Protein chains: 2
Amino acid sequence: MDAKLIAELRAELGPEVVLTDPATLGTRSHDYWAVSHLRRFRAPEGETGGALPGCVARPRDLAEVQAVVRFAAARGVGLMPFGLGSGVCAGVLGDPATILLDMGAMDRVVSVDPVNLLATFEAGCNGLAAEEAVAAHGLTIGHWPQSIAISSVGGWVSTRASGQFSTAYGNIEDIIHSIEAVLPDGEVVTLGKAPRAAAGPDLRHLLMGAEGTMGVITRVTLSLRRQPETRAFTAFYAETMEQGFEAQRRIIQADWRPPVMRQYDAPEVFRLFSAHARGEACLLIMVHEGPAGRVAAELAAVKAIAAEAGLTEADPAATEGWLAHRNKVPEWTDLFKLGVIADTIEVSGSWSQIGPIYRRVMAALREVPGIVNASAHSSHVYRSGINIYCTFACRPEDAAAMEARYLECWDRALEATAAEGGGIAHHHGAGRLRKAYLHHDLGAGGIALLRQVKAALDPKEIMNPGNLLP
Amino acid sequence: MDAKLIAELRAELGPEVVLTDPATLGTRSHDYWAVSHLRRFRAPEGETGGALPGCVARPRDLAEVQAVVRFAAARGVGLMPFGLGSGVCAGVLGDPATILLDMGAMDRVVSVDPVNLLATFEAGCNGLAAEEAVAAHGLTIGHWPQSIAISSVGGWVSTRASGQFSTAYGNIEDIIHSIEAVLPDGEVVTLGKAPRAAAGPDLRHLLMGAEGTMGVITRVTLSLRRQPETRAFTAFYAETMEQGFEAQRRIIQADWRPPVMRQYDAPEVFRLFSAHARGEACLLIMVHEGPAGRVAAELAAVKAIAAEAGLTEADPAATEGWLAHRNKVPEWTDLFKLGVIADTIEVSGSWSQIGPIYRRVMAALREVPGIVNASAHSSHVYRSGINIYCTFACRPEDAAAMEARYLECWDRALEATAAEGGGIAHHHGAGRLRKAYLHHDLGAGGIALLRQVKAALDPKEIMNPGNLLP
């Protein structure tokens, strides 16, 4: 962006909205993608290791968002929405030709309605602040991404986020009541009105998972829950991941829905549950919540099903410990200092596919030179299948190869998943990292359809150019 | 359509696919919309009372669907998809300028996968045949629209259908795994692959509820359930609809989910549950299903909550009786012979809105000259609200006024709902009947967005012209 353009935008919106100081540009030049952090780590002191946005626009209300969008549309300038920067797939990546649209100043809890269990938040509202606002009324959003303390409500919608309690409470698409957004032409829409409707296609889905490419989410109304009466914990050992998957399949298909069901393979048990490690056993942990009578029935049933499937009981303290420490987000730089680059890759498959996906992804990752860890756990369970969260860590002999090795790990894991018929993106979104693999999930026809929709909504291609669409 | 065009289509697809005999055209010239039936009833013997399609194309496989779509696109001819004709909002209405695309010959159960609880059906597969095919494996789709015996799987998707067991098992959008469709340009897409994905916007939603305006659904894969271990029944009297709504709100918000929860107002109790009528009391019936332990806990909890809300127990035989007779679909002509036109109008609202919506719609209907019944029941329950199903019957002094009175009832009911902030289309879709009211749900911005998407997918406007979009 040339200085004249920035000056025009500043003249229109004021100096407190349009920012160009290096500190602001620097902290908004990328999200939590490991490679962006690596580039910054390896850059000279005070530099980011990547490009900066042309400027940062930080609107304070809907009208200012509209003004920025209209400015961008009129000048054909790119616009990159930014929530709180916790994305991990490079949905945000500095581009000097674009305006970084920082939604962080629109962070209000607009309303909480304890009768209808609805709450409205501005898009930049911090996730934990949102949860605490409804918790004060004895309610919960029921959406607990690991990033809850550093992510925004608008970001949850934009990336089609999942929370740790999804098996009972659903993913973000099951929690969203309505979405207010500014479309690329500057018009405001509020999508979603009734508890449920058959009034044409559900247009809310154009914005969920669009990662800033279809418009700017400005407000979100979520459908809440009352806080559960009771909570209980179970834990079980499985001899193999396959045995644990089979137990989970039986539990969910018998119509039990513990909100949390996570199975860790042996390497992860050693790393994350060392006090509970038992030989090569995998560990399945479950949190049970709800009315006391139902939780009691669920505990009895789950124990019986697990035993029938060949699992043995473990100390539920393992589950309780996980709950207490579950939202620790890794600091990439701590690993970089050790010459290690790591990440998690969440993929999914049907029950028949997931065992082979797990084996094949693990084998593929272990072929990468310098790999020091390849492990996985499952965390979201459905009637027809389950996800796995693969973790890799790589310490190449030559630290300059860290980025290349990282990309190789991703490539191998996604291609291995696709080769077994699995889904290559369970819940972190696609961003710039995964867009080249999106065809595995969407097919050529789906990609073409996505392009048609994008061209219709954003004919000038101003919204997050370069993101999501392959 | 001129004869030359039909001859060309027949030459391309064969005389067994392209039909023009009056009987075939006549039975596919409308759906189950009451007014189409009224017009036929009032027409001279052997006539339909409305226009016929230009011709009927009845493809037998995907390639033939593509051929018809490409033919229509190349010639700019309209194409009206037809499942089994059970729609009630005039999504299908004879038009001599269009090809009626009858999906009824594509009715196969393609596969049933009892491990992953998935089953694939061709779009024209009868709903009850689909349910019976999975029931043979001990499974259930869990989707029970009243029309199950006369509707198609593709039609369920196209109209965003709801089933009677939706409160626990979800509406059709919660049951769909993937959709195969032919887009207006003739390309095939298969949307939906993984159990859940964050791979861009969920494009399946472009076809759900599109009512034939965005493409032709050819196959659907549904995510099934195992048949429940136990079933139990409860029934309660409420003094007012509001008291019954409040009990339902407390039950669902305490995280109990009886698959069926239906509350009938006093006029409906007299008409449909005469043996159980008790003064002016409303009747709340519930079906409870699932593992025995959970059902037992649910029964105890629901009884306690109902009592606290002031409800009194009724004979559960009322519920059992409903279950046995629930899928009786009215024969319009039986009513027409009595000079009566009737229909149901399903709308929805939040818990705060639903009482006022009920009162206002009932009052609005009772003002229509000739009205002989205005009553309602609720049938689909959500954390944030509930639907009501309004039933009206009108017997104008002058039988020629039946159609006008019918449209007046609809107009009054939808405007009354919208005035209280409710949703004007819970699950039958919009069709040609409700499209003029769609702006109440979508707003001007939503309508404009829907038009943008339609123009992108179907720039030649060949798909079901005149339907859905206002």
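Residues numbered from 1 in each chain as written. Chains lettered and ligands numbered in written order. Predicted model: local features only at pLDDT ≥ 70, side-chain atom pairs only at ≥ 80, totals over all residues. Heavy atoms only, no water.

1. Concerning the domain arrangement of chain A
All names here are of chain A.
So, step 1. Domain annotation of chain A identifies domain 1 (3-105), domain 2 (109-226), domain 3 (230-325) and domain 4 (332-433).
So, step 2. Spacing between the C-alpha centres of domain 2 and domain 3 amounts to 29 Å.
So, step 3. With 6 residues of domain 2 at the contact, the number on the domain 3 side is 12 residues.
So, step 4. Summed over both partners, the interface of domain 2 with domain 3 buries about 690 Å², with 58% contributed by carbon and sulfur atoms.
So, step 5. On the domain 2 side of the interface with domain 3, the three residues burying the most area are Gln164, Phe165 and Thr167, jointly 72% of the side's total.
So, step 6. Put simply, domain 2 and domain 3 have 0 salt bridges between them.
So, step 7. Per-class residue counts for the side of domain 2 that touches domain 3 are 3 nonpolar, 3 polar and no charged. (Domains from an automatic or database assignment. Contact = heavy atoms within 4.5 Å. Buried area = accessible area lost by both parts, 1.4 Å probe. Salt bridge = Lys/Arg side-chain N within 4 Å of Asp/Glu carboxyl O. Nonpolar A, V, L, I, M, F, W, Y, C, P; charged D, E, K, R; others polar.)

2. Describing the relation of the copies chain B and chain A
So, step 1. Once chain B is rotated about the relating axis by 180 degrees and shifted along it by 0.0 Å, it coincides with chain A to within an RMSD of 0.0 Å. A rotation of that kind, with that shift, is consistent with a two-fold axis. (Least-squares fit on C-alpha atoms with pLDDT ≥ 70 in both.)

3. Description of the confidence of the model for chain A
So, step 1. Put simply, chain A has an average pLDDT of 97, and 100% of its residues get 70 or more.
So, step 2. Predicted complex metrics record ipTM = 0.98 and pTM = 0.98. (pLDDT = per-residue confidence, 0-100.)

4. Comments concerning the sheet that holds strand S1 (residues 18-19) of chain B
Residue and element names in this part refer to chain B.
So, step 1. If you walk across this open sheet you meet the 4 strands as S1-S2-S4-S3, and the pairing is mixed. Strands at the two margins of the open sheet, each flanked by one partner only, are S1 and strand S3 (78-82).
So, step 2. Pairing of S3 with strand S4 (residues 98-102) involves 5 bridges; the strand directions are parallel. Within S4, the residue paired with Phe82 across the bridge is Asp102.
So, step 3. Of the strands in this sheet, strand S2 (55-57), S3 and S4 are in contact with helix H4 (residues 62-75), which crosses S4 at around 165 degrees. (Pairing = 2+ DSSP bridges. Helix = DSSP H or I, 4+ residues; strand = E, 2+ residues; numbered from the N terminus. Axes fitted to C-alpha atoms, helices over the stretch in contact; angles between N-to-C directions.)

5. Here we look at the pattern of salt bridges
All names here are of chain A.
So, step 1. Tallied over the entire structure, the rule returns 48 salt bridges over all chains.
So, step 2. A salt bridge links Glu187 to Arg70; the shortest N-O distance between them is 3.4 Å. Of this pair, Glu187 sits in the loop between strand S8 (176-182) and strand S9 (188-191) while Arg70 sits in helix H4 (residues 62-75), and the two are 117 residues apart along the sequence.
So, step 3. Take Glu187: its relative accessible area is 43%, and that puts it in the partly exposed class. (Buried < 20%, exposed > 50% of the residue type's maximum accessible area, 1.4 Å probe, protein only.)

6. Section: the packing of helix H9 (residues 241-253) of chain B against helix H14 (residues 351-366) of chain B
For any two helices packed against each other, the geometry comes down to the angle between their axes and how far apart the axes lie.
Residue and element names in this part refer to chain B.
So, step 1. It is the contact of H9 with H14, at a shortest axis distance of 10 Å, that shows an interaxial angle of 155 degrees. One way to sum up the angle between H9 and H14 is to call them roughly antiparallel. In this structure, H9 crosses over H14, and the sense of that crossing is right-handed. Two secondary-structure elements touch here, H9 through Met241, Glu242, Phe245, Gln248, Arg249, Ile252 and Gln253 and H14 through Trp351, Ile354, Gly355, Tyr358 and Arg359. (Parallel < 35°, antiparallel > 145°, perpendicular 65-115°, else oblique. Left-handed = near helix turned anticlockwise from the far one by under 90°.)

7. A word on the packing of aromatic side chains
Ring pairs (aromatic) are described by centroid distance and by the angle formed between their planes.
So, step 1. Applying the stated criterion to the full structure yields 16 aromatic pairs over all chains.
So, step 2. Look at Tyr406 of chain A and Trp410 of chain A: their rings are 6.4 Å apart centre to centre, the planes differ by 45 degrees, and that puts the pair in the tilted class. Taken together, the residues Tyr406 of chain A and Trp410 of chain A, both in helix H15 (residues 402-419) and 4 residues apart, mark about one turn of the helix.
So, step 3. Judged by its relative accessible area of 0%, Tyr406 of chain A is buried.
So, step 4. Cluster of aromatic residues (ring-pair linked, three or more members): Trp33, Phe392, Tyr406 and Trp410 of chain A.
So, step 5. The cationic tip of Arg326 of chain A hangs over the ring face of Trp144 of chain A; the distance from NZ or CZ to the ring centre is 4.8 Å.
So, step 6. Over the ring of Trp256 of chain A we find Arg294 of chain B; its NZ or CZ atom is 5.8 Å from the centre of that ring. (Phe/Tyr/Trp six-rings, centres within 6.5 Å; stacked < 30°, edge-to-face > 60°. Lys NZ or Arg CZ within 6 Å of the ring centre and 35° of its normal.)

8. Brief notes about the pairing of strand S19 (residues 385-394) of chain A
Residues and elements named next belong to chain A.
So, step 1. The buried fraction of S19 amounts to 10 of the 10 residues, a majority that puts the element mostly inside the structure.
So, step 2. The two faces of S19 match: Gly385, Asn387, Tyr389, Thr391 and Ala393 on one face and Ile386, Ile388, Cys390, Phe392 and Cys394 on the other face are all buried.
So, step 3. Pairing analysis gives 10 bridges linking strand S16 (residues 341-350) to S19, with the strands arranged antiparallel. Bridging across to S19, Ile341 finds its partner in Cys394.
So, step 4. Strand direction decides the pairing type here: strand S17 (residues 371-378) and S19, joined by 6 bridges, are antiparallel. What sits directly across from Ser375, in S19, is Thr391.
So, step 5. Pairing geometry for strand S18 (residues 381-382) and S19, over 2 bridges, is antiparallel. Along S19, the bridge assignment pairs Val381 with Ile386.
So, step 6. Connecting S18 to the next strand, S19, in antiparallel fashion are 2 residues.

9. Observations concerning the interface of chain B and chain A
So, step 1. In this assembly, 85 residues from chain B lie in contact with 85 residues from chain A.
So, step 2. If you sort the residues of chain B by the area they bury against chain A, Lys193, Arg196 and Arg383 of chain B come out on top, with a joint share of 13%.
So, step 3. Where chain B meets chain A, there are 6 salt bridges.
So, step 4. With a closest N to O distance of 3.0 Å, Asp255 of chain B and Arg294 of chain A form a salt bridge.
So, step 5. In this structure, the connection of chain B to chain A is made through 45 residue pairs in polar contact (both at pLDDT 80 or more).
So, step 6. Taken together, the residues of the side of chain B that touches chain A sort by class into 41 nonpolar, 28 polar and 16 charged. (Polar contact = N/O pair within 3.5 Å; in protein donor to acceptor, adjacent residues only side chain to side chain.)

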